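Analysis of the macromolecular model
These are the residues of each chain, in order.
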Amino acid sequence: MSQAAVIDGKAFAADLRARVGVAAAAFEAKAGRKAGLAVVLVGEDPASQVYVRNKGKQTVEAGMASFEHKLPADTTQADLIALVERLNADPAVDGILVQLPLPKHLDEQAVVERISPNKDVDGLTPTSTGRLALGLPGLVPCTPLGCLMLLKDRLGSLSGKEAVVIGRSILVGKPMAQLLLAESCTVTIAHSRTQNLPDVVRRADIVVAAVGRPEMVKADWIKPGATVIDVGINRVPAAEEGKTRLVGDVDYAGASSVAGAITPVPGGVGPMTIAVLLRNTLVAAHRNAGVALEDQAL
Ligand code: GUN
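Let me begin by describing the structure that accompanies this report. None of these values were measured; they are calculated from a predicted model. (Residues numbered from 1 in each chain as written. Predicted model: local features only at pLDDT ≥ 70, side-chain atom pairs only at ≥ 80, totals over all residues. Heavy atoms only, no water.)

Before going further, it helps to spend a moment on the pattern of salt bridges. Overall, the coordinates contain 11 salt bridges when judged by the stated rule. The salt bridge involving Lys-30 is made with Glu-294; its shortest N-O contact spans 2.8 Å. Here Lys-30, found in helix α1 (residues 9-31), pairs with Glu-294, found in the segment after α10 (270-289); they are 264 residues apart in sequence, far enough to count as distant. For Arg-202, the salt bridge goes to Asp-199, with nearest N and O atoms at 2.5 Å. Highlighted residues: Arg-202 and Asp-199, both in helix α8 (residues 197-202), separated by 3 residues, approximately one helical turn. Residue classification places Arg-202 among the partly exposed positions, given a relative accessible area of 33%. (Salt bridge = Lys/Arg side-chain N within 4 Å of Asp/Glu carboxyl O. Helix = DSSP H or I, 4+ residues; strand = E, 2+ residues; numbered from the N terminus. Buried < 20%, exposed > 50% of the residue type's maximum accessible area, 1.4 Å probe, protein only.)

Okay, the packing of α1 against helix α6 (residues 142-155) next. At a minimum axis distance of 11 Å, the contact between α1 and α6 shows a crossing angle of 105°. Considering the angle they form, α1 stands roughly perpendicular to α6. Facing α1, whose interface residues are Gly-9, Phe-12 and Leu-16, α6 presents Met-149, Leu-150 and Asp-153. Here the residues of the contact of α1 with α6 sort into 4 nonpolar, 1 polar and 1 charged. (Axes fitted to C-alpha atoms, helices over the stretch in contact; angles between N-to-C directions. Parallel < 35°, antiparallel > 145°, perpendicular 65-115°, else oblique. Contact = heavy atoms within 4.5 Å. Nonpolar A, V, L, I, M, F, W, Y, C, P; charged D, E, K, R; others polar.)

A few words now on helix α2 (residues 46-61). Within an α-helix, residues lying three or four positions from one another point in the same direction, as the helix has 3.6 residues per turn. With 16 residues, α2 extends 23 Å from end C-alpha to end C-alpha; this agrees with the ideal 22 Å at 1.5 Å per step. Ser-48, Val-52, Lys-55, Gly-56, Gln-58 and Thr-59 are the residues of α2 that are buried. Along its buried surface, α2 packs onto α1, β2 (36-42), β3 (65-71), β4 (95-98) and α10. Immediately beyond the C-terminal end of α2, within one or two residues, lies Gly-63, with a positive phi of roughly 80°. (Expected span 1.5 Å × (residues − 1).)

Turning our attention to the site of the ligand. The full set of residues close to the ligand is Leu-97, Val-98, Gln-99, Leu-100, Asp-122 and Leu-171. Between the ligand and the protein, one listed contact pairs a nitrogen atom with a backbone N or O atom of Leu-100 at 2.9 Å. In the model, a nitrogen atom of the ligand is placed 2.4 Å from a nitrogen or oxygen of the Asp-122 side chain. Classifying every residue of the shell around the ligand by side-chain character gives 4 nonpolar, 1 polar and 1 charged. (Near = heavy atom within 4 Å. Polar contact = N/O pair within 3.5 Å; in protein donor to acceptor, adjacent residues only side chain to side chain.)

Ranked by internal contacts, the top residues of the largest apolar core, which has 53 residues, are Val-20, Met-64, Leu-180, Val-208, Ile-229, Val-231 and Leu-282. Discounting residues that sit within four places of it in the chain, Val-208 has contacts with Val-164, Val-165, Ile-166, Met-176, Leu-180, Ile-229 and Val-231. (Core = buried A, V, L, I, M, F, W, Y, C linked by side-chain atoms within 4.5 Å.)

Attention shifts here to the pairing of β2. Of all 7 residues in β2, 7 are buried, a share of seventy percent or more. The two faces of β2 match: Gly-36, Ala-38, Val-40 and Val-42 on one face and Leu-37, Val-39 and Leu-41 on the other face are all buried. Here 7 bridges tie β2 to β3, and the two strands are oriented parallel to one another. What sits directly across from Val-42, in β3, is Leu-71. (Pairing = 2+ DSSP bridges.)

Moving on, we get to the environment of Pro-103. Residue position: Pro-103 is located in the loop between β4 and α4 (108-112). Here the alpha-carbon distance between Pro-103 and Val-201, two residues 98 residues apart in the chain, equals 34 Å. Beyond its immediate chain neighbours, meaning those up to four positions away, Pro-103 contacts Val-42 and Ala-73.

Leu-100 connects to Pro-101 through a cis peptide bond whose omega is 0°. In this structure, Pro-101 sits in the loop between β4 and α4. The omega torsion across Val-265 and Pro-266 is -5°, close enough to zero to call that bond cis. Tracing the backbone through its elements, the reader meets Pro-266 in the loop between β11 (261-262) and α10. A positive phi angle, near 50°, is found at Asn-196, a position not held by glycine. The residue Asn-196 is located in the loop between β6 (186-190) and α8 in this model.

Laid out in structure tokens, this is it:
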């Protein structure tokens, strides 16, 4: 049996970051300031701390200004909203990302709604989600946009393809379905209540797995030749005592013998998220500064 092509998200993301870097330098020359991204982290969730550190580092490497705001776990809703409002008003800030999940006592939706749509580089405000649903230009959530870039790079036109998105989250599943619909795919959103999930997935030319269940999607769910995008990042016990390893939502070894192409974990979708965040920040900066974006390929 032939092996699926490996979709190298790590290399694609590095290339995208390099293009963003070139465009960021051009922006600075025209606008007289750097594009700026503010990241807000509340509390000490270890995974979130790693993401936020990587975001800051890659923002600076791309030639943009990084503003990190680390707040204690017991920050009040009012204080968090006051910070968001300050960032909304700060002309050095083009993009605002409030790292999710927030501690339980905070109302995520109420906080996100306060982010100015002009600075909503996460694409999570009602304005951004509404514009995506309406097919209007706007800022789109980073992970699904990264998945779409990988799919178009691999397949060219997606028109008419059967796409099954497993997962209906605000961050990935729902916007992914909207993006695929905008590319004229026939889109199914499957989720925890879907009946006969393997049969639904077997229809798909394109599978996007974003459920957060380690290796749930099996080889015999995959239509031969399908393109499989695995958004899952799950830490599971490794063979060696006391060690862990990362796996996706897809049984990679099994699916690789059936699929036409597949993203690995790690090194697939993961690196795309921050690269697209930097891209979104630069797009927002151009709009906020009234400067034309020359590289339409971004
Ligand atoms: N937590 C995990 N992924 C994301 C993301 O893309 N945006 C935000 N704000 N929080 C996250």
